[in-house]
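What follows is the residue order along each chain.
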Amino acid sequence: MAEHPHAALIRRGYEAFSRGDMDTLRGMMTADCTQHVPGNHPLSGDFKGVDAVLDYYRTLATETNGTLRVDLRRLFIDGRGHVMSVHQLTAERAGKKLDLAGGIVFRIVGEKITDLDECMEDVSAADEFWA
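Residues numbered from 1 in each chain as written. Predicted model: local features only at pLDDT ≥ 70, side-chain atom pairs only at ≥ 80, totals over all residues. Heavy atoms only, no water.

**Student:** Sorry, what's going on with unusual backbone geometry here?
**Tutor:** Across residues other than glycine, the phi torsion is negative in most instances, and most of the peptide bonds are trans. Despite not being glycine, Asn65 has its phi angle at roughly 55°, a positive value. Mapped onto the elements of the fold, Asn65 is located in the loop between helix H3 (50–63) and strand E3 (69–77). Notably, Glu111 is not glycine yet its phi reads approximately 65°, a positive angle. Residue placement: Glu111 occurs in the loop between strand E5 (96–109) and strand E6 (112–120). Among the residues examined, Glu111 registers a relative accessible area of 47% and is labelled partly exposed. (Helix = DSSP H or I, 4+ residues; strand = E, 2+ residues; numbered from the N terminus. Buried < 20%, exposed > 50% of the residue type's maximum accessible area, 1.4 Å probe, protein only.)

**Student:** Looking at this model, I keep getting lost on the pattern of salt bridges. Mind explaining?
**Tutor:** Side chains that differ in charge, positive against negative, can pair when their charged atoms come close. Applying the stated criterion across every chain, the model contains 7 salt bridges. In this structure, Asp71 engages Arg73 in a salt bridge whose closest nitrogen and oxygen atoms are separated by 2.9 Å. Take Asp71: its relative accessible area is 39%, and that puts it in the partly exposed class. On the basis of relative accessibility, which here comes to 48%, the residue Arg73 falls in the partly exposed class. Taking the shortest distance from any N to any O, the salt bridge between Asp78 and Arg80 comes out at 3.3 Å. (Salt bridge = Lys/Arg side-chain N within 4 Å of Asp/Glu carboxyl O.)

Take a look at the structure:
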């Protein structure tokens, strides 16, 4: 069975993120997309606009000295513009290690990502890591 186009879009996004391919990611998002990051740490909050979202991704790479990895595990679709991903995130920073299950709920309009809501298995572990 062929993969749903929305699932394929998100899978390509994870692949581009893993390669650090910001040009591909830019082309997959609307100019006014927003990424919502949970927690209470310096990188939590709302990143509004594709430039802010991509800067957030660059900051993740910089802050972890390139050690951040996201292993996509599952994608779920509703056929109405929503995709939910499940992934395992690992990273090292300032002598700390993070190994955390998480996911993102994506909203897709016109075959582009408009909204990304991050969810984490343990928000307090992320807070401690990024503090």
